[in-house]
Amino acid sequence: MRIWLAAVGKAKPGPARDLFEEYKARITWPFQLREVETKKRLDGDELKRAEAELLLASLPPGATIVALDERGRMMGSEDFAARMGQWRDAAVGDLAFVIGGADGLDASIRQKAALVLAFSPMTWPHMMVRGMLAEQVYRAQQILAGHPYHRA
């Protein structure tokens, strides 16, 4: 299973990017980051639609999409690992996580998603969410590999 992360915005050097890179390096599944940005000055729904087009175009055809959105389902790490295991066992070739821009995700992405996932009802900096996601993918990998989970 190949893991993809499509995100709006380019990560600048600093602690948030370092956190993402640290956990990405620990993940044994192939993991690709695709960063997209609109070149046009757009607002509101127009901006979200343009970002959605760029995000979807950056993913491989047929990828199973997980949209990160504050309105999504919150899951514990063990449930998230179980869902990752289901996709792995169902021979999902490409699993794509999608993080929108400052205005959020366009509804078209949420509609295409196999799962709409929220880390919290709180708003998080999008660059920090990348690190949080990489850590949870790594944690899922370890749980699925049978490593003891300290919360079990």
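Cut-offs and rules
- Residues numbered from 1 in each chain as written.
- Predicted model: local features only at pLDDT ≥ 70, side-chain atom pairs only at ≥ 80, totals over all residues.
- Heavy atoms only, no water.
- Helix = DSSP H or I, 4+ residues; strand = E, 2+ residues; numbered from the N terminus.
- Buried < 20%, exposed > 50% of the residue type's maximum accessible area, 1.4 Å probe, protein only.
- Axes fitted to C-alpha atoms, helices over the stretch in contact; angles between N-to-C directions.
- Parallel < 35°, antiparallel > 145°, perpendicular 65-115°, else oblique.
- Left-handed = near helix turned anticlockwise from the far one by under 90°.
- Contact = heavy atoms within 4.5 Å.
- Pairing = 2+ DSSP bridges.
- Right-handed = clockwise from strand over helix to strand, strands pointing away.
- Core = buried A, V, L, I, M, F, W, Y, C linked by side-chain atoms within 4.5 Å.

Enquirer: Any chance you could explain the environment of D79 here in plain terms?
Expert: Relative to the assigned elements, D79 resides in helix 3 (residues 77–89). On the accessibility criterion, D79 (46% relative accessible area) is partly exposed.

Enquirer: Can you walk me through the packing of helix 1 (residues 15–26) against helix 5 (residues 126–144) in this structure?
Expert: A pair of packed helices is characterised by two quantities: the angle between their axes and the separation of those axes. With their axes 8 Å apart at the nearest point, helix 1 and helix 5 run at an angle of 20° to one another. Comparing their axes, helix 5 and helix 1 come out roughly parallel. The crossing of helix 1 and helix 5 is left-handed. On helix 5, the residues that touch A16, L19, F20, Y23, K24 and R26 of helix 1 are M127, M128, R130, G131, A134, E135, Y138 and Q141.

Enquirer: What should I look at first to understand the pairing of strand 1 (residues 2–8) in this one?
Expert: Looking along a regular strand, one sees side chains alternate from face to face of the sheet. Of all the 7 residues making up strand 1, 6 are buried; the element is thus mostly covered by neighbouring parts of the structure. Pairing geometry for strand 1 and strand 4 (residues 94–99), over 6 bridges, is parallel. Residue pairing for strand 4: L5 is matched across the bridge by F97. As judged from the 6 bridges shared by strand 1 and strand 2 (residues 31–36), these two strands associate in the parallel manner. Paired with W4 across the bridge in strand 2 is Q32. Assessed by its sense of winding, the connection that carries the chain from strand 1 through helix 1 to strand 2 is right-handed.

Enquirer: Would you take a moment to explain the nonpolar core for this structure?
Expert: A general feature of soluble globular proteins is that nonpolar side chains tend to end up buried together. Counting residues in hydrophobic clusters, the biggest one holds 28 residues, and the most contacted among them are M84, L95 and F97. Within the residue set of this core, elements represented by two or more residues are strand 1, helix 1, strand 3 (64–73), helix 3, strand 4, strand 5 (115–117) and helix 5. It is helix 5 that contributes the most residues to this core, 6 residues altogether. By size, the runner-up hydrophobic cluster in this structure holds 15 residues, among which are W4, V8, A96 and L105.

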